[in-house]
Amino acid sequence: LPGTIPEAFIALTAVAADRVVMQVKDGEGYRRHTYREALEDVHGLANSLADRGLGPGHRVAIVAENRPEWVIAYLSILSIGATAVPLDIQMPQEQLLSFLTTSHSKFVFASANTWALVQDLPDSINVVSMDQATKPHQPTMKDLITQGQHRPLIDIRVDPNDVASLLYTSGTTKRPKGVLLTHGNFISNAKAIMEKGLAGSEDNFLVMLPLHHAYPFMIAFLVPLLLGAKMTFLQSLKGPDLVRCIHETGITIAVGVPQIFAMIRRAIFEELGRRSALARWLFTLLINLSDLVRTHIGWNPGRLLFAPIHRRFGPSLRLLCSGGAQLDPQVSKDLGNLGFTIREGYGLTETAPVIAFSPLSGPKPGSVGPPLTNVEVRIDKPNEAGVGEVVVRGPIVMKAYDQAPAETAEAIRDGWFHTGDLGYR
């Protein structure tokens, strides 16, 4: 793969031009975009952004829900050497406006659903609608794409050390920090994940989590994009909508957080609780048998023993990826015994984001798996039980915190990033 995201996307389009790269439910059907169509839109939008004076060193925000236009906007921003600033549309408006100001964003992409959040911005920040114009003579994203499509793509050299994204941490324990992640950070992380052989070009990734978070951005967007695979956007986390989408589109990989997978497990076991005593006894017998076979033989018979469950959730679904928080080992074990392949990873926004991920073979519930091949991990100052701070070194470590040299120096010492998390090997 080339060293920058736009170059890698162009390289993939050269070999996967007619493959569907993304799709979203639109009415009764799905709106689909091939790699070629997506590149044409990126080409047009990038030219129009450059015409408006944007380029290397500038920042452009995205305030929108997951949708194909989010992807087009992101890739266009990076194609002109600028930095994308994806923001959480669920945060309080006051905080969002503060981030837009402190990030020095010149442009903002917003959707009809998020327009109210950005309507109070100063005139110095241009807001572009992903949908219909909200006032006369306002250019929409579609207008900008059309205006820029009829000439060669502007030639701006993007370097792997250039900042691709400014992502804000959640600030659950401290004030939110802006994390500067380079093209090289993202590409090196994606390569190491792809080397694990978890997915291929034939896969269809379900995108449930918002892409302003580094974890779904990497696993549900960048990895499938660079594999020549497909991503399907789901804008509802309701159980029936989730199951319908898996069946309708042939989802093979679902990327979620532990809460989602705990919900799936709970739904299965609650339904079992409504069955007869004989059915419950048989279920317990089969799940214990599955556990025994998995433990001693290394083969998972769950898909055969619990075929009705897999028909209900979608027979195409082959891998569940959990991240963002610790996965309950019991949830992992139970779903595994039912025949689902579930793996979890660990990382932080500052590490672009994946540090470790469970392998397909020999997983251990309760473990996040070994570090990626290009990542060094050590336990700093372990106690008698071997527990200490997890510190990380490698090409995935962020460039810096935005406008915060003291905090950067505190986090990255002698080349090691101090996660603030406790762990053990």
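Quick notes on the rules
- In every chain, residue numbers begin from 1 and rise along the written sequence.
- Predicted model: local features are reported for residues with pLDDT of at least 70 only, side-chain atom pairs are reported and counted for 80 or more only, and whole-chain, interface and lining totals are derived from all residues.
- To get the side-chain values, take all heavy atoms of the structure and skip hydrogens and water.
- Only when DSSP finds a minimum of two bridges between them are two strands counted as paired.
- A helix here means a DSSP run of H or I that spans at least four residues, while a strand means a run of E at least two residues long, and both kinds are numbered starting from the N terminus.
- A fitted line through C-alpha atoms represents every axis, and for helices the fit uses only the stretch in contact; the resulting angles, taken between N-to-C directions, go from 0 to 180 degrees.
- Any residue under 20% of the maximum accessible area for its type is buried, any over 50% is exposed, and the rest in between are partly exposed; the area is computed with a 1.4 Å probe on protein chains only.
- What sets the label is the angle itself: under 35 degrees gives roughly parallel, over 145 gives roughly antiparallel, 65 to 115 gives roughly perpendicular, and the rest give oblique.
- We call two residues contacting when some pair of their heavy atoms lies within 4.5 Å.
- Just so you know the grouping, Ala, Val, Leu, Ile, Met, Phe, Trp, Tyr, Cys and Pro go in nonpolar, Asp, Glu, Lys and Arg go in charged, and all remaining residues, Gly too, go in polar.
- Residues form patches when they are more than 30% accessible in relative terms and have no salt bridge. Like charges link within 9 Å. Nonpolar side chains (Val, Leu, Ile, Met, Phe, Trp, Tyr) link within 5 Å.
- The Shrake-Rupley method, run with a 1.4 Å probe, gives the accessible areas here. Residue values count only the displayed protein chains as cover.
- Salt bridge, as used here, is a side-chain nitrogen of Lys or Arg placed within 4 Å of a carboxyl oxygen of Asp or Glu.

Asks: Please clarify how the sheet that holds strand β13 (residues 342-347) should be interpreted in this entry.
Replies: Two pairing modes exist for strands in a sheet, parallel and antiparallel, and in both the strands are linked by backbone hydrogen bonds. Read from one edge to the other, the open sheet built from eight strands follows the order β2-β1-β10-β9-β11-β12-β13-β14, with strand pairing classed as mixed. Pairing within the sheet leaves two strands with one partner each, and these edge strands are β2 (29-34) and β14 (354-357). For this sheet the average axis-to-axis angle between neighbouring strands, irrespective of direction, equals 25°. Where β13 and β14 come together, three bridges link them in antiparallel fashion.

Asks: I tried to follow the sheet that holds strand β19 (residues 416-423) on my own but got confused; where do I start?
Replies: Strand order in the open sheet made by the four strands is β15-β16-β19-β18, with antiparallel pairing throughout. Each edge of the open sheet carries a strand with a single partner, namely β15 (376-380) and β18 (412-413). Of the pairings in the sheet, the one linking β15 to strand β16 (residues 388-393) comprises five bridges and is antiparallel in character. What sits directly across from D380, in β16, is E389.

Asks: Help me understand the pairing of strand β5 (residues 105-110), please; the structure alone is not making it clear to me.
Replies: Side chains on a regular strand alternate between the two faces of the sheet. For β5, a buried count of five out of six residues is recorded, marking the element as mostly surrounded by other parts of the structure. Bridging between strand β3 (residues 59-63) and β5 involves five bridges; their strand directions are parallel. From the neighbouring strand, I62 faces β5, where its bridge partner is F109.

Asks: How do you make sense of the packing of helix α1 (residues 5-16) against helix α8 (residues 214-227) when you look at a structure like this?
Replies: Geometrically, a packed helix pair is captured by the angle between its two axes and the distance between the axes. Put simply, α1 and α8 touch, their axes get as near as 8 Å, and they point 45° apart. Relative to α8, the element α1 lies oblique. Touching I5, A8, F9 and L12 of α1 are L222, L225, L226 and L227, all from α8. Classifying every residue of the contact of α1 with α8 by side-chain character gives eight nonpolar, no polar and no charged.

Asks: Whenever I open this one, a nonpolar patch on the surface confuses me. Can you help?
Replies: Among the surface-exposed residues, L278, W281, L282 and L285 lie close enough to one another that they form a single nonpolar patch of about 450 Å² accessible area. Mapped onto the secondary structure, L285 falls in helix α11 (residues 277-296). Residue classification places L285 among the partly exposed positions, given a relative accessible area of 44%.

Asks: Is there a simple way to explain the pattern of salt bridges in this structure?
Replies: Two side chains bearing opposite charge may form a pair once their charged atoms approach each other closely. The tally for this structure, following the rule as stated, stands at 19 salt bridges. For D203, the salt bridge goes to R318, with nearest N and O atoms at 2.8 Å. Note that D203 is positioned in the loop between α7 (183-194) and β9 (204-207) and R318 in the loop between α13 (307-313) and β12 (319-322), a separation of 115 residues in sequence. Across the salt bridge formed by D334 and R265, the nearest N and O atoms sit 2.7 Å from each other. Here R265 lies in helix α10 (residues 258-273) and D334 lies in helix α14 (residues 329-337), a separation of 69 residues in the sequence. Of the residues examined, D334 reaches a relative accessible area of 8% and is grouped as buried. Via salt bridges that share partners, D26, R31, E65, R67, E69 and D131 belong to a single interconnected network.

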